[in-house]
Amino acid sequence: TIPLLYKLKKLTPAPPSSSSIPNPSQTLNDKIGLVRGDITTLEVDAIVNAANESLLGGGGVDGAIHKAAGPGLLKECKGLGGCDTGSAKITDAYKLPCNRVIHAVGPIWNRDWAEKSEKDLRGCYTTSLQLAAENRCKSIAFSSLSTGVYRYPSRDAAQVAIKAVKDFLEGEDGDKLDKVVFCTFTDKDADAYDEWLPKFFPPV
Ligand code: AR6
């Protein structure tokens, strides 16, 4: 088991008891979580699946989510008509402990199309955050989209993911979300988030 909604303790020192004025960056840091392990176990409002354009399941985290959710999920996905790369669609969560699943289709990494890949990866994060907010999901956990079978370099992907989340939380719908969790699985993704999170959400 993994610690649920583990807070980035070193990034969020307790505020001095005398301080009564809310610090905006402190508030922002408190919304960020980092966990390592199986995303299908997380009791958040929405988890984000790394799907493909068919939305009909696959390997990796997609396979794990469909297996844990049960056949109802595939049945609902069949009615969605697929999804474009760089976008996302939302479903129920069936037997999963979360409430909703957001299926995001990340880009297949191509170094000759790096800019397009980055735009599509950012689109996955931004669309997923918008879908969560629109569907009154207060907490959302992301798998490391595209960094497995789709071979997006982990260091670059983490930077895109964290920046998209920060921009959303600072934007007009940012207050609709209370918690955004990055769920890593492999060493390379965990290292990438350890490196970039403190740069985008510096300790206050
Ligand atoms: N919980 C959290 N993260 C996981 C889990 C899990 N249970 N299992 C794997 N990961 P991938 P992609 C991580 O390959 O690169 C599928 O077949 C994994 O270590 O699942 O976007 C789809 O159907 C990696 O960091 O997705 C598509 O065809 C991250 O999840 C294609 O793969 C994403 O790896 C999508 O490729």
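The chain appears in an unreviewed UniProt entry as Macro-containing protein from Coleophoma cylindrospora.

**Student:** Describe in detail the site of the ligand, supporting the description with residues and values.
**Tutor:** In the vicinity of the ligand lie 21 residues, with Asn52, Gly59, Asp62, Gly148 and Val149 positioned nearest. Between the ligand and the protein, one listed contact pairs an oxygen atom with a backbone N or O atom of Gly59 at 2.7 Å. A distance of 2.7 Å separates an oxygen atom of the ligand from a polar atom in the side chain of Asp62. In isolation the ligand has 700 Å² of accessible area, and contact with the protein removes 91% of it. When atoms are counted within 2 Å of each cavity's grid points, the one that captures over half of the ligand is the largest pocket. Here the shell around the ligand takes 4 residues from helix α2 (residues 60-69), the largest share from any one element. The class makeup of the residues in the shell around the ligand is 7 nonpolar, 11 polar and 3 charged.

**Student:** Go over the pattern of salt bridges with me, naming the residues and quoting the values.
**Tutor:** Taken as a whole, this structure holds 8 salt bridges when the rule is applied. The salt bridge partner of Lys116 is Asp120, with a shortest N-O separation of 3.1 Å. Remark: Asp120 and Lys116 occur in helix α4 (residues 114-134); sequence separation between them is 4 residues, near one turn of the helix. Take Lys116: its relative accessible area is 45%, and that puts it in the partly exposed class. For Asp120, a relative accessible area of 8% gives the class buried. The partner of Asp167 in a salt bridge is Arg122, and the shortest N-O contact between them spans 3.1 Å. Taken together, the positions of Asp167 in helix α5 (residues 154-170) and Arg122 in helix α4 put the pair 45 residues apart, joining distant regions of the chain. A relative accessible area of 28% means that Asp167 is categorised as partly exposed.

**Student:** Summarise the side chain of Ser139; cite the residues concerned and give the values.
**Tutor:** Turning to its location among the elements, Ser139 is positioned in strand β5 (residues 139-142). With relative accessibility at 13%, the residue Ser139 sits in the buried group. In this structure the side chain of Ser139 is engaged in a polar contact, spanning 2.9 Å, whose partner is the backbone nitrogen of Asp45. Among all residues touching Ser139, those that are not within four sequence positions of it are Val44, Asp45, Ala46 and Lys179.

**Student:** Which residues make up the nonpolar core, and what are the values?
**Tutor:** The biggest cluster of nonpolar side chains holds 40 residues, and the ones touching the most others in it are Ile102, Ile140, Phe142, Val180, Phe182 and Tyr193. If one sorts the elements of this core by residue count, α5 sits on top with 9 residues. Not counting residues up to four positions away in its chain, the partners in contact with Tyr193 are Leu34, Tyr125, Ser144, Ala158, Ala161, Ile162, Phe182, Thr184 and Pro198.

What counts, and at which threshold
- In this numbering scheme, every chain counts its residues from 1 along its sequence in written order.
- Totals for whole chains, interfaces and linings use every residue, but because this is a predicted model, local features are given only for residues with pLDDT of at least 70 and side-chain atom pairs only at 80 or more, for both listing and counting.
- Hydrogens are left out, water is left out, and the side-chain values use all remaining heavy atoms of the structure.
- Only a single heavy atom is needed: when it lies within 4 Å of a molecule or strand, its residue is near that molecule or strand.
- Under the rule applied, a polar contact is a pair of N or O atoms within 3.5 Å (in protein, one hydrogen donor and one hydrogen acceptor; residues adjacent in sequence only if both atoms are side-chain atoms).
- Per-residue and other accessible areas were derived by the Shrake-Rupley procedure at a 1.4 Å probe size, with only the shown protein chains allowed to occlude residues.
- Here a cavity denotes grid points, spaced 1 Å and computed from the protein atoms alone, that fit a 1.4 Å probe unable to get out, and a pocket denotes an open set having protein on both sides within 12 Å along at least 5 of 7 lines; residues with an atom within 4 Å of a point are the lining.
- A cavity or pocket is said to hold a molecule if more than half of that molecule's atoms lie within 2 Å of its grid points.
- Secondary structure elements are taken from DSSP: a helix is a run of H or I of four residues or more, a strand is a run of E of two residues or more, and numbering for both begins at the N terminus.
- In this count, Pro and Cys sit with the nonpolar residues alongside Ala, Val, Leu, Ile, Met, Phe, Trp and Tyr, while Asp, Glu, Lys and Arg are called charged and the others, Gly among them, polar.
- Salt bridge criterion: a side-chain nitrogen from Lys or Arg within 4 Å of a carboxyl oxygen from Asp or Glu.
- Each residue gets one of three labels from its accessible area relative to the maximum for its type: buried under 20%, exposed over 50%, partly exposed in between, using a 1.4 Å probe on protein chains only.
- Only heavy atoms matter for contacts: two residues are in contact if any of them lie within 4.5 Å across the pair.
- Residues grouped as a nonpolar core are buried Ala, Val, Leu, Ile, Met, Phe, Trp, Tyr and Cys residues, joined through side-chain atoms within 4.5 Å.

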